[in-house]
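Topology and contacts: notes
Chain residues, written in single-letter form:
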Amino acid sequence: FKPYFADFYAAISGSREQVDVEYQSELEKEGMAALLTHSIEKDRILQRTTVGPHRDDLLLLMDGLLLKKFASQGQLKSYLLALRLAQYEVLRQQIGQPPILLLDDIFDKLDENRVRQLMGLLIERDFGQVFVTDTQRSRIEAVVSSFADDYKIFEVENGVVRAV
């Protein structure tokens, strides 16, 4: 997962930052039985289990720092898109065919350069069928048409879908 994630982020951002994801678990330090034994009194008082895999976490890192502490909105959106694309690639390998990729409102919080890099990545690496939503038809059409001629635009108005 991590190599795909780093590769997709670099493609979207233009290799401006280094990204990483780290899985944190108390189970790495002690086994489940030991954790439960150490927390039994606290768990009885609180009437819930306070240790275990449900308490695991992901550290989202950019240039070695926590993402939530310093990333801009564009960096955050790029990071989340790269996570989604890495999930997509792992799923594609597991099922042996490309799943449908849905990307909602990609222009929100991304500058035009990152949007162009994302669309170029999607077309260049053959992600299969991709649905991209945007509130402005002309904006998405301008970006997509500069990369490929094999696309369709649909408008949804008052719950009615029509091909354009």
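Quick look at the structure, then. (Residues numbered from 1 in each chain as written. Predicted model: local features only at pLDDT ≥ 70, side-chain atom pairs only at ≥ 80, totals over all residues. Heavy atoms only, no water.)

1. Structural notes on helix α4 (residues 73-95)
Taking 1.5 Å per residue as the helical rise, α4 with its 23 residues ought to reach 33 Å, and the 33 Å between its terminal C-alpha atoms agrees with that figure. A positive backbone phi angle near 80° is found at Gly96, which sits one or two residues after α4. (Helix = DSSP H or I, 4+ residues; strand = E, 2+ residues; numbered from the N terminus. Expected span 1.5 Å × (residues − 1).)

2. A few points about the packing of helix α5 (residues 112-124) against helix α6 (residues 137-145)
Direction vectors running N to C along α5 and α6 enclose 55°, while the axes themselves pass 9 Å from each other. With respect to α6, the axis of α5 lies oblique. The interaxial crossing formed by α5 with α6 has right-handed handedness. Of the residues in α6, those touching α5 at Val115, Arg116 and Met119 are Ala142, Val143 and Val144. Its residues assigned to classes, the contact of α5 with α6 comprises five nonpolar, no polar and one charged. (Axes fitted to C-alpha atoms, helices over the stretch in contact; angles between N-to-C directions. Parallel < 35°, antiparallel > 145°, perpendicular 65-115°, else oblique. Left-handed = near helix turned anticlockwise from the far one by under 90°. Contact = heavy atoms within 4.5 Å. Nonpolar A, V, L, I, M, F, W, Y, C, P; charged D, E, K, R; others polar.)

3. Some thoughts on a nonpolar patch on the surface
A contiguous nonpolar surface patch, about 210 Å² in accessible area, is contributed by Leu27, Met32 and Leu36. For Met32, the position within the fold is in helix α2 (residues 32-46). According to the relative accessible area criterion, Met32 is partly exposed, its value standing at 33%. (Patch = residues over 30% accessible without salt bridge, like charges linked within 9 Å, V, L, I, M, F, W, Y side chains within 5 Å. Areas by Shrake-Rupley, 256 points an atom, 1.4 Å probe, with all protein chains shown as cover. Salt bridge = Lys/Arg side-chain N within 4 Å of Asp/Glu carboxyl O. Buried < 20%, exposed > 50% of the residue type's maximum accessible area, 1.4 Å probe, protein only.)

4. Quick word on the layout of surface pockets
Here the largest pocket defines a volume of roughly 930 Å³. In this structure, the largest pocket is lined by 26 residues; those nearest its centre are Val130, Phe131, Val132, Tyr151 and Lys152. Only α5, β5 (130-132), α6 and β6 (154-157) provide two or more residues apiece to the lining of the largest pocket. Counting residues per element, the lining of the largest pocket draws most heavily on β6, which supplies four residues. The residue makeup of the lining of the largest pocket, split by class, is 14 nonpolar, five polar and seven charged. (1 Å grid on protein atoms, 1.4 Å probe; cavity = no way out; pocket = protein on both sides within 12 Å on 5 of 7 lines; lining within 4 Å. Points joined across faces, edges and corners; volume = space filled by probe spheres on them.)

5. Brief notes about the packing of aromatic side chains
Applying the stated criterion to the full structure yields five aromatic pairs. Look at Tyr88 and Phe127: their rings are 5.0 Å apart centre to centre, the planes differ by 40°, and that puts the pair in the tilted class. Of this pair, Tyr88 sits in helix α4 while Phe127 sits in the loop between α5 and β5, and the two are 39 residues apart along the sequence. Judged by its relative accessible area of 4%, Tyr88 falls in the buried class. For Phe127, a relative accessible area of 1% gives the class buried. Site record: aromatic cluster; members linked through ring pairs are Phe1, Phe5, Tyr9 and Tyr79. If you follow Arg92 out to its NZ or CZ, it ends over the ring of Phe127, 5.9 Å from the centre. (Phe/Tyr/Trp six-rings, centres within 6.5 Å; stacked < 30°, edge-to-face > 60°. Lys NZ or Arg CZ within 6 Å of the ring centre and 35° of its normal.)

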